[in-house]
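Tertiary structure, described
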Amino acid sequence: PEVGAANFPLERTSVPRIASAKKNMRKTKAATARNRSQRAALRTALKLAKDPAATPAAKRKATQLLDRAARKGLVHRNNAARQKSSIAKAK
């Protein structure tokens, strides 16, 4: 199978036969794509917020994204709290 970023197979060689397993596979694929997109947006916002020339709006946006990511389980809540503290301290 073709290998994508971080050496995860993009397609499986064995296809499940059971309907619930097929559905779980579809759900996992959709969730993985959604999580990857949201994680990338979060990383970008954090990078912009930690820049010395960051605007208050950029910091606010990053804080909102961190809160949402922690609530949704994308990142651990302690990780989000640490990142928010770092953004607040940045000058």
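I will try to describe carefully the structure that is included in this document. (Residues numbered from 1 in each chain as written. Predicted model: local features only at pLDDT ≥ 70, side-chain atom pairs only at ≥ 80, totals over all residues. Heavy atoms only, no water.)

A word on the overall build of the protein chain. Secondary structure assignment for the protein chain yields three helices and zero strands. Each helix and strand of the protein chain, ordered N terminal to C terminal, gives the series α-α-α. By residue count, 16% of the 91 residues in the protein chain fall in the buried class. Considering only residue pairs separated by 6 or more positions, the protein chain has 38% of its internal contacts joining residues 24 or more positions apart. In the form shown here, the protein chain has an accessible surface area of approximately 7,300 Å², with 54% of it arising from carbon and sulfur atoms. (Helix = DSSP H or I, 4+ residues; strand = E, 2+ residues; numbered from the N terminus. Buried < 20%, exposed > 50% of the residue type's maximum accessible area, 1.4 Å probe, protein only. Contact = heavy atoms within 4.5 Å. Areas by Shrake-Rupley, 256 points an atom, 1.4 Å probe, with all protein chains shown as cover.)

The end-to-end C-alpha distance of helix α3 (residues 77-89), which contains 13 residues, comes to 18 Å, matching closely the 18 Å that a straight helix rising 1.5 Å per residue would cover. Within α3, burial applies to A80, Q83 and I87. The arc that holds the buried residues of α3, viewed along the axis, is 65°, so those residues lie on one side. Relative to its buried face, α3 has exposed residues pointing more than 90 degrees away, namely R82, A88 and K89. (Expected span 1.5 Å × (residues − 1). Arc of directions from axis to C-beta.)

Attention now moves to helix α1 (residues 19-49). With 31 residues, α1 should reach 45 Å at 1.5 Å per residue; the first-to-last C-alpha distance of 45 Å fits that figure. Residues of α1 that are buried: L42, A45, L46 and A49. Elements that come into contact with the buried residues of α1 comprise α2 (56-72) and α3.

Nothing here speaks to function; it is all geometry.
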